[in-house]
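Inside the fold
What follows is each chain in one-letter form.
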Amino acid sequence: MPDQHVDPLVRLEADAASGAAAWIGAHRTPILEAVREHGAVLVQGLPTSDRDTAVAAVRAVIAEGMPEREGFAPRDALAPGVYSSSHWPDDQPMCMHHELSYAATVPRLLAFACVTPPASGGITALADARAVLRDLPADLVGRFERHGWRLHRHYNPYVGTSWRDAFGTESREDVDRYCAEHGVEAIWHGDDTLSTVQTRPAILEHPDTGERSWFNQIAFLNEWTMEPAVREFLVAEFGIEALPFNTFFGDGAPLDRVMVDAINEVYEKHTVRRPWQRGDLLVVDNTRMAHSREPFQGDREIVVGMGEPFRR
């Protein structure tokens, strides 16, 4: 029998004659209450056909935005806590993950506003991370519970994002200070190349309900989730130790392809998809719902906001 998972999306129709930001401001409390209860809310029919209007709508729902640090792909900053989508190849998926789950401070609230829907694909899909945790192999979960997960990053000017963009500074001293304050080991190679290592819990207790979720980017940022040709090129060009990112068990042991495939298969089992439409605003509890971005064709513009930071 196919999995009978429940669509987590609550859909609201906006009557936004007064403007998108004004409508969101008037309905923010019930929107956030629905997000807390269901994990995600999709508001449809907002007049967000230009970037400035979408930015205003996102700011109205996230309130005080959270600045992104340690991003794994470049973004354009549009307003405090509001960004473009990550600059990631159109034909490559961004697999299921929670925003900044490898950081010490993470956003509880995400908002995505559709300015231009793609011609095809490009869905921001969702998966309930509580259900993912429930259905993962018990021995795999137990091992991550004992050891956590480890992220290795290697910043270079050719692949991914630079350390200047990721940390929002030109100063190595600022990077060292940030890393020391946030439990990240910083390793400099020569004058301008940085590697970092951090170990985080793989499971998060929801800050309100205490419910446990599979909260990490173990599969997405692992070498075995890369397209084989991309992985082979990067290994040949930079070496296995200098991949832009890779993940491990918290004790440093590597994951094999079978383990990573098992995680991605459980995500797929619980994935809910809905194509973007102009005027959509998707509001997500980042601590409960994983999200992804699927490959697409044509122009695609989604404005992204991060809010309600908490230090776990």
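Above this text you will find the structure in question.
Now for a description of the structure that goes with this document. (Residues numbered from 1 in each chain as written. Predicted model: local features only at pLDDT ≥ 70, side-chain atom pairs only at ≥ 80, totals over all residues. Heavy atoms only, no water.)

Here strand β4 (residues 82–84) runs beside strand β19 (residues 301–311); their pairing, made up of three bridges, is antiparallel. Paired with Ser84 across the strands is Val303, a residue of β19. Relative to β19, strand β6 (residues 105–116) runs antiparallel, the two being bridged by ten bridges. By the bridge assignment for β19, Thr105 is matched with Arg311. (Pairing = 2+ DSSP bridges. Helix = DSSP H or I, 4+ residues; strand = E, 2+ residues; numbered from the N terminus.)

Turning our attention to the pairing of strand β9 (residues 149–155). Summarising burial for β9: five of the seven residues are buried, a large majority. Bridging between β9 and strand β11 (residues 193–200) involves seven bridges; their strand directions are antiparallel. Within the sheet, the bridge partner assigned to Arg153 lies in β11 and is Thr196. In terms of strand pairing, β9 meets strand β14 (residues 245–249) through five bridges, oriented antiparallel. Its bridge partner being in β14, Arg150 is matched across the sheet by Phe248. (Buried < 20%, exposed > 50% of the residue type's maximum accessible area, 1.4 Å probe, protein only.)

In this structure the tally under the stated criterion is three cavities of 30 Å³ or more. Of the pockets and cavities examined, the largest cavity occupies roughly 150 Å³. If you go around the largest cavity, you meet 14 residues; those closest to its centre are Ser85, Met94, Phe112, His291 and Arg293. Elements supplying a minimum of two residues to the lining of the largest cavity: β5 (94–97), β17 (289–293) and β19. (1 Å grid on protein atoms, 1.4 Å probe; cavity = no way out; pocket = protein on both sides within 12 Å on 5 of 7 lines; lining within 4 Å. Points joined across faces, edges and corners; volume = space filled by probe spheres on them.)

Right, let's talk about the layout of surface pockets for a bit. The space that makes up the largest pocket amounts to roughly 520 Å³. Around the largest pocket sit 25 residues that line it, and Trp88, Gln92, Met226, Glu227 and Val230 are the ones nearest its centre. Going through the elements one at a time, α7 (228–238) and α8 (257–269) are the ones with two or more residues in the lining of the largest pocket. If one sorts the elements of the lining of the largest pocket by residue count, α8 sits on top with four residues. Taken together, the residues of the lining of the largest pocket break down into 17 nonpolar, five polar and three charged. (Nonpolar A, V, L, I, M, F, W, Y, C, P; charged D, E, K, R; others polar.)

What the four strands build is an open sheet, ordered β10-β11-β9-β14; its pairing is antiparallel. With one partner strand each, in any of the chains shown, β10 (185–189) and β14 form the two edges of the open sheet. Put simply, the sheet's adjacent strands are angled 15° from each other on average, direction ignored. Of the pairings in the sheet, the one linking β10 to β11 comprises five bridges and is antiparallel in character. Paired with Ala186 across the two strands is Thr196, which belongs to β11. Running at roughly 150° to β10, helix α6 (residues 172–181) makes contact with β10 and β11 of the sheet. (Axes fitted to C-alpha atoms, helices over the stretch in contact; angles between N-to-C directions. Contact = heavy atoms within 4.5 Å.)

Quick look at the environment of Thr161 now. Along the chain, Thr161 turns up in the loop between β9 and α5 (163–167). By relative accessible area, Thr161 is classed as buried at 5%. Taking the C-alpha atoms as reference points, Thr161 and Glu70, separated by 91 residues in sequence, lie 9.3 Å from one another.

Next up on the list: helix α2 (residues 51–62). In an α-helix, one turn spans 3.6 residues, which is why side chains three or four residues apart end up on the same side. Across its twelve residues, α2 extends 16 Å between first and last C-alpha, which sits within 8% of the 16 Å expected from 1.5 Å per residue. Close packing links the buried residues of α2 with α1 (20–38), β3 (77–79), β4, β6, β16 (281–285) and β19. Looking at where α2 begins, the residue whose side-chain oxygen comes 3.2 Å from the main-chain nitrogen of Asp52 is Asp50. Downstream of α2 by one or two residues, Ala63 has phi in the positive range, about 60°. (Expected span 1.5 Å × (residues − 1). Polar contact = N/O pair within 3.5 Å; in protein donor to acceptor, adjacent residues only side chain to side chain.)

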